[in-house]
Amino acid sequence: MYPMSAVNAGPFWSNGPSPGAFYNFPGFQAGNGAVSARSETPGEYGTQRSYTPVTTGTSVVGLKFANGVVIAADKLVSYGSLARFHDVDRVYKINDKTIIGIGGDFADFQYIKRHIDQKVVDDMCLADKNELKPKSLYNWLTRVMYNRRCDFKPLYLDIVVGGMQDGEPFLGHVNLRGRAYTSNVVATGYGTHLALPLLREYSENPTAYAGLDKQKASELTKSVMEVLWYRDCRSDPKYSQAICTTDGVQVDANCFVKQNWNLATMIKGY
């Protein structure tokens, strides 16, 4: 090998980095007010991070019924405003007691999902008959999300956690700021405005809610997903649904809403 001093750099490499250093692109160099692509060193305006999620999922809905929980979300992940990925599951089974649904930045969810999966693997390796329970996962996520928010590195997620614990159904919601609450009905995104009023007709009516079984809860969820498909331009007619009861978790990844566009003929100018 020839020593570096003996190598005559050609015109393509004449402005390249010295051996062992990184290339500083024009207009993006550390020390001139910007931040290096490989550095966390604050520039003139502090450390810059992205605050614009790119690949995102829309609404997630959750509902508690007499002896279980159902969570549903459509299978569309949008690239900006482009309906790009049409077959992505956003509802998952964690174990036989816990299910989860996510809205928001899908890349952030892939990051946090790896840590959740590792917690499940750790439980399996211990073989002490203890599993990750829904309340434990819910509390852990509130701490993770709030910690990331305090570090100004939030995970852009709306997470719905459900499951069965001590024979009772559990349903909770955690957002990107670590704000969390539990309720009989939960919705994220556009579903906060469209789905919650429909779900609360049952959850706030003691008579109707007492008679809400697995089949009726599934039918109610389907009607809610139909409304979201009609009204939310980031939604899709194909959706995933997970139901957790004392018998375990059932995930259906091939649900479709029943579409009816006859109303279009009544619109003036059709």
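Criteria and thresholds
Residues numbered from 1 in each chain as written. Predicted model: local features only at pLDDT ≥ 70, side-chain atom pairs only at ≥ 80, totals over all residues. Heavy atoms only, no water. Phe/Tyr/Trp six-rings, centres within 6.5 Å; stacked < 30°, edge-to-face > 60°. Helix = DSSP H or I, 4+ residues; strand = E, 2+ residues; numbered from the N terminus. Buried < 20%, exposed > 50% of the residue type's maximum accessible area, 1.4 Å probe, protein only. Contact = heavy atoms within 4.5 Å. Axes fitted to C-alpha atoms, helices over the stretch in contact; angles between N-to-C directions. Parallel < 35°, antiparallel > 145°, perpendicular 65-115°, else oblique. Left-handed = near helix turned anticlockwise from the far one by under 90°. Core = buried A, V, L, I, M, F, W, Y, C linked by side-chain atoms within 4.5 Å. Salt bridge = Lys/Arg side-chain N within 4 Å of Asp/Glu carboxyl O.

Asks: Please give an account of the packing of aromatic side chains that cites residues and values.
Replies: Tallied over the full model, the rule gives three aromatic pairs. With a centroid separation of 6.0 Å and an interplanar angle of 45 degrees, the aromatic rings of Phe 106 and Phe 109 are classed as tilted. With Phe 106 and Phe 109 both in helix H1 (residues 106-126) and three residues apart, the pair spans about one turn of that helix. Taking the relative accessible area as the measure of exposure, Phe 106 reaches 11% and is therefore buried.

Asks: An account of the side chain of Thr 221 is requested, with residue identities and associated values reported.
Replies: Along the chain, Thr 221 falls in helix H5 (residues 214-231). Given the relative accessible area of 3%, Thr 221 is considered buried. If sequence neighbours within four positions are ignored, Thr 221 has contacts with Val 61, Leu 63, Val 70, Ala 72 and Gln 241.

Asks: With reference to specific residues and values, describe the packing of H1 against helix H2 (residues 134-150).
Replies: The interhelical angle for the contact between H1 and H2, taken along N-to-C directions, is 140 degrees, at an axis separation of 13 Å. Classed by the angle they form, the pair H1 and H2 counts as oblique. You can see that H1 and H2 cross each other, and the crossing is right-handed. Residue-level inspection shows Tyr 111, Ile 112, His 115, Ile 116 and Lys 119 of H1 in contact with H2, the latter providing Leu 137, Trp 140, Leu 141, Val 144 and Arg 148.

Asks: Lay out unusual backbone geometry with the relevant residues and their values.
Replies: For Ala 127, which is not glycine, the phi dihedral falls at a positive 55 degrees. In this fold, Ala 127 is placed in the loop between H1 and H2. Phi is positive for Phe 152, which is not a glycine, with a value near 60 degrees. As for its position among the elements, Phe 152 is in the loop between H2 and strand E8 (157-165).

Asks: Talk me through the nonpolar core; I want residue IDs and the actual numbers.
Replies: Ranked by internal contacts, the top residues of the largest apolar core, which has 23 residues, are Ile 100, Leu 141 and Ile 159. Of all the elements in the fold, those that place two or more residues in this core are strand E7 (98-105), H1, H2, E8 and strand E9 (168-174). Residues contacting Leu 141, with those up to four places away along its chain left out, are Ile 100, Ile 112, Ile 116, Ile 159, Val 161 and Val 174. Core analysis: the second largest hydrophobic core is formed by 21 residues, Leu 199, Ala 217, Leu 228 and Cys 255 among them.

Asks: Before we move on, can you summarise the pattern of salt bridges with the specific residues and values?
Replies: Under the criterion given, the structure shown has six salt bridges. A salt bridge links Lys 75 to Asp 87; the shortest N-O distance between them is 2.9 Å. In this pair, Lys 75 sits in the loop between strand E3 (68-74) and strand E4 (77-79) while Asp 87 sits in the loop between strand E5 (82-85) and strand E6 (91-95), placing the two residues 12 residues apart along the sequence. On the basis of relative accessibility, which here comes to 3%, the residue Lys 75 falls in the buried class. The residue Asp 89 makes a salt bridge to Lys 75 at a minimum N-O spacing of 3.1 Å. On the criterion of sequence distance, the pair formed by Asp 89 in the loop between E5 and E6 and Lys 75 in the loop between E3 and E4 is long-range, its members being 14 residues apart. A single salt-bridge network, built from bridges that share partners, covers Lys 75, Asp 87, Asp 89 and Lys 238.

Asks: Quick one: what's the story with the side chain of Thr 55, residue by residue and with numbers?
Replies: Here Thr 55 is to be found in strand E1 (residues 55-57). When neighbours within four sequence positions are excluded, Thr 55 is seen to be in contact with Val 77, Ser 78, Tyr 79, Phe 85, Gly 104, Asp 105, Phe 106 and Ala 107.

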